[in-house]
Amino acid sequence: MASTPRKTDIGPPHYEQFLPPIIKENYGKWAYHEIPRPGVLMHVADSGAKLYSVRAATPRILNINSIRQFADLADKYCGGYLRFTSRNNVEFLLTDEKNIEPLIGELHAAGYPVGGTGNAISAIVHTQGWVHCHSAATDASGVVKSLMDELYPRFVNMDLPAKLRIAFACCLNMCGAVHCSDIAVLGVHTRAPKIDHANLPKMCEIPTLVASCPTGAVRPSTVDGVQSVEIEEHLCMYCGNCFTVCPAMKINNAKTDGISIWVGGKVSNARTEPKFSKLAIPFLPNNPPRWPEVVDAVKHLVDIYAANARKYERMSEWVERIGWPRFFKLADLPFTKYHIDDFKHAGETFKRSAQLKH
C-alpha cells in the first residue's frame, strides 16, 4: 500500500508547482533558443511550442509597490507567470507573441529598461553596501546606479563582442561573489582595524575574536592591565572579519577606504575553463554620490574591450590572447607592486574546472 506523501512546513515548496504550464509540458524537451531582439528570449520545444521571456532590469532593492506592479503586468500579459534571475532582472514568461510589444511598452513607461540578453551587459550583481552592511568599504546601490546610468546603452543593445558580466562587492568578504566576473568592482579597506581596548572586553569574546582572523593577525594581549588583543599588521589583509564579531575592532575609515577594479574572470566552462578575476586598478577613491572615478574607469575598460576583442570572445579570453602587458598598455594602467600576487596560499595549481586532461 502506497503511503501518503508527508506534508511538512520545513523548507521551501517544490518549485514544480510554480512552473508555467508550457514549461511543465515540455520539461527537458527544448530544441533550441533564439534572441529575436534585445531583452527577449524565445525557447522552442521539440513539440513546436514557443516560450517568450521578456527581461527587464530592476533596482534590486524593491518596494512593495514595484512588486505589485510587476505582478499586475504578469497577470495582464502572461497568466501571472514571472521569475527573477540570479542577476536581479525580472523575466515575464509569455506564450502569446502579440503580448510582447505592449508589455515592453508598459515596462518602458514605468521606467524599467528591457535588455541584458546576448552580447550585452546584464544587470550588475551587488552586495548590501551602506544600506545594511556594517563592514562595507563603500556603497553598493549608489555605485551600481551610477555605473548603469553610464552603461545603459550596453544593456539595451547587443553590440559587445560577447556577454559581459559586471559584479560589485563592498568588501573582500564578497557576499556578492565577484571573484569570477569579466569586470569586478570591489570595495577595499587599506588600514588595519583600530582597537577600542577600553570597551573590547565588555563587548567581545576574545577567543572568538582571535579565531575570526583568517591570517592569524589578531593575537591575545594585555593592554593597560586589561585583557584585549593586538594586531600583527604585516599579516592583516583588511578583510573586516574581526569587526564582524567584535564592534570594538573598527575598520571603517572614510579617508582610506576605497574601490579596486578586477578583470578577466568567468564561471563558464565554454571554450576555456573558469578563471578568477585579476587586479587591474588597486585603488580609486570613494566620491559619493556619483563616484566619477569608478564610473570612468569601468566605462573605459568596457570600451577598449568592445573595440578590440573578437566576436564571441569573453574579457578573459581577449586578455589572455593579447597578453596582460598589452592589456595594461591598451587600458593605460600602470603596473605596480600591488599587482604582484604574493599570497603564499594562492596556488596556481588549484583546479577550478571540469576540463581535465589525462
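Below is a summary of the structure that appears in this document. (Residues numbered from 1 in each chain as written. Predicted model: local features only at pLDDT ≥ 70, side-chain atom pairs only at ≥ 80, totals over all residues. Heavy atoms only, no water.)

## So, the overall build of the chain
Step number 1: On a plain count of helices and strands, the chain comes out with 10 helices and 14 strands.
Step number 2: Considered along the principal axes of its C-alpha atoms, the chain spans approximately 75 × 60 × 50 Å.
Step number 3: In the chain, buried positions account for 44% of the 358 residues.
Step number 4: Put simply, of all contacts in the chain between residues at least 6 apart along the chain, 65% involve residues at least 24 apart. (Helix = DSSP H or I, 4+ residues; strand = E, 2+ residues; numbered from the N terminus. Buried < 20%, exposed > 50% of the residue type's maximum accessible area, 1.4 Å probe, protein only. Contact = heavy atoms within 4.5 Å.)

## Examining the layout of surface pockets
Step number 1: Counted as a void, the second largest pocket has a volume near 470 Å³.
Step number 2: Of the residues forming the lining of the second largest pocket, the biggest block, seven residues, is contributed by helix α4 (residues 141–156).
Step number 3: Partitioning the lining of the second largest pocket into residue classes produces 11 nonpolar, five polar and four charged. (1 Å grid on protein atoms, 1.4 Å probe; cavity = no way out; pocket = protein on both sides within 12 Å on 5 of 7 lines; lining within 4 Å. Points joined across faces, edges and corners; volume = space filled by probe spheres on them. Nonpolar A, V, L, I, M, F, W, Y, C, P; charged D, E, K, R; others polar.)

## Considerations on the packing of aromatic side chains
Step number 1: In this structure the tally under the stated criterion is 10 aromatic pairs.
Step number 2: Between Trp-130 and Trp-291 the ring centres are 6.0 Å apart and the planes differ by 40°, which places this aromatic pair in the tilted class. Placement of Trp-130 in the loop between β6 (125–126) and α4 and of Trp-291 in the loop between β14 (278–285) and α8 (292–308) is noted, with a sequence separation of 161 residues between them.
Step number 3: On the basis of relative accessible area, Trp-291 is assigned to the buried category, the value being 2%.
Step number 4: Aromatic pair Trp-318 and Phe-327: ring centres 5.9 Å apart, planes at 85°, arrangement edge-to-face.
Step number 5: The buried category is assigned to Trp-318, whose relative accessible area is 1%.
Step number 6: Looking at Phe-327, the relative accessible area reads 0%, which means it is buried.
Step number 7: Site record: aromatic cluster; members linked through ring pairs are Tyr-305, Trp-318, Trp-324, Phe-327, Phe-328 and Phe-335. (Phe/Tyr/Trp six-rings, centres within 6.5 Å; stacked < 30°, edge-to-face > 60°.)

## Digging into the nonpolar core
Step number 1: With 43 residues, the main nonpolar core has Ile-183, Val-298 and Phe-327 as its most contacted residues.
Step number 2: When contributions to this core are tallied by element, the ones reaching two or more residues are α4, β7 (166–169), β8 (183–188), β13 (258–263), β14, α8, α9 (315–322) and α10 (324–330).
Step number 3: If sequence neighbours within four positions are ignored, Ile-183 has contacts with Leu-164, Arg-165, Ile-166, Ala-167, Ile-261, Trp-262, Val-263, Val-298, Leu-301, Val-302 and Met-315.
Step number 4: With 20 residues, the next largest nonpolar core counts Tyr-77, Ile-100, Leu-103 and Leu-107 among its residues. (Core = buried A, V, L, I, M, F, W, Y, C linked by side-chain atoms within 4.5 Å.)

## Brief notes about the state of the cysteines
Step number 1: Per the counting criterion, the structure on display carries one disulfide.
Step number 2: Just so you know, Cys-171 is unpaired, no disulfide at all, and the nearest cysteine sulfur is the one on Cys-133, 5.6 Å from it.
Step number 3: Free of any disulfide, Cys-236 has its nearest neighbouring cysteine sulfur in Cys-242, separated by 6.6 Å. (Disulfide = S-S within 2.5 Å.)

## Here we look at the sheet that holds strand β4 (residues 82–84)
Working definition: the strands of a sheet are paired by backbone hydrogen bonds and lie parallel or antiparallel to each other.
Step number 1: Strand order in this open sheet of five strands is β1-β2-β3-β5-β4, and the pairing throughout is antiparallel. Taken across any chain shown, the strands that pair with only one partner, and hence form the sheet edges, are β1 (30–37) and β4. Each strand axis lies, on average, 25° off the axis of its neighbour in the sheet, ignoring direction.
Step number 2: Direction of pairing for β1 relative to strand β2 (residues 40–45): antiparallel, over a ladder of five bridges. Following the sheet pairing, His-33 is matched in β2 by His-43.
Step number 3: Lying on the sheet, helix α2 (residues 64–77) is in contact with β4 and β5 (90–94); it crosses β5 at an angle near 15°.
Step number 4: Each of β1, β2, β3 (50–56) and β5 touches helix α3 (residues 100–109); the most contacted strand, β3, lies at about 10° to it. (Pairing = 2+ DSSP bridges. Axes fitted to C-alpha atoms, helices over the stretch in contact; angles between N-to-C directions.)

## Thoughts on unusual backbone geometry
Step number 1: In this chain, Pro-288 is followed by Pro-289 through a cis amide linkage whose omega measures 10°.
Step number 2: The topology assignment puts Pro-289 in the loop between β14 and α8.
Step number 3: Unlike most non-glycine residues, Arg-271 shows phi in positive territory, near 65°.
Step number 4: Note on placement: Arg-271 falls in the loop between β13 and β14.
Step number 5: We note that Trp-291 has phi near 45°; this positive angle belongs to a residue other than glycine.

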